[in-house]
Amino acid sequence: MKHSFKLYATKATLFIATLLLSVITFAQDTTLATTTTTSSATSTEKTWYTEPWAWVLGGIILVVIIILATRSSSTSTSADKVTVTRTVERDTDTV
């Protein structure tokens, strides 16, 4: 019981930490160090994270990580396994 509680507490702590880090990252204010530069050249180059294949690949990787994280908690170690062997002997009466 303690092991499963400790496992769930660790997972919950990691979830909350990543949630807070993402909120802090997105909440950064960029208006303090703003410099205005005007350029007449236009660029059609896209960054890699605006491409749809990058979002699909990221989603697939995220799903695989979630599956592996939930799957590892249900497996038991070899110390937790118990093997029971029974030997049955029957008396045979010959008449």
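For the structure, check the block above.
Conventions used here
Residues numbered from 1 in each chain as written. Predicted model: local features only at pLDDT ≥ 70, side-chain atom pairs only at ≥ 80, totals over all residues. Heavy atoms only, no water. Helix = DSSP H or I, 4+ residues; strand = E, 2+ residues; numbered from the N terminus. Areas by Shrake-Rupley, 256 points an atom, 1.4 Å probe, with all protein chains shown as cover. Buried < 20%, exposed > 50% of the residue type's maximum accessible area, 1.4 Å probe, protein only. Polar contact = N/O pair within 3.5 Å; in protein donor to acceptor, adjacent residues only side chain to side chain. Contact = heavy atoms within 4.5 Å. Patch = residues over 30% accessible without salt bridge, like charges linked within 9 Å, V, L, I, M, F, W, Y side chains within 5 Å. Salt bridge = Lys/Arg side-chain N within 4 Å of Asp/Glu carboxyl O.

A. Looking closely at the overall build of the protein chain. For the protein chain, the helix and strand inventory stands at two helices and zero strands. Carbon and sulfur atoms make up 64% of the accessible area of the protein chain, which amounts to about 10,000 Å² in all.

B. Looking closely at the environment of Thr 18. Mapped onto the secondary structure, Thr 18 falls in helix α1 (residues 2-26). Since its relative accessible area comes to 49%, Thr 18 is described here as partly exposed. Separated by 2.9 Å, the side chain of Thr 18 and the backbone oxygen of Phe 15 make a polar contact.

C. Structural view of the environment of Trp 55. Considering the arrangement of structural elements, one finds Trp 55 in helix α2 (residues 52-74). Its relative accessible area of 63% is what places Trp 55 among the exposed residues. Not counting the four nearest positions on each side in its chain, Trp 55 is found in contact with Tyr 49 and Thr 50. Reaching out from Trp 55, the side chain makes a polar contact with the backbone oxygen of Tyr 49 at a distance of 2.8 Å.

D. Region of the structure containing a nonpolar patch on the surface. Taken together, the side chains of Phe 15, Ile 16, Leu 19, Leu 20, Leu 21, Val 23 and Ile 24 make up a nonpolar region of the molecular surface, amounting to roughly 710 Å² of accessible area. Looking at the secondary structure, you find Val 23 in helix α1. Under the relative-accessibility criterion, Val 23 is labelled partly exposed at 48%.

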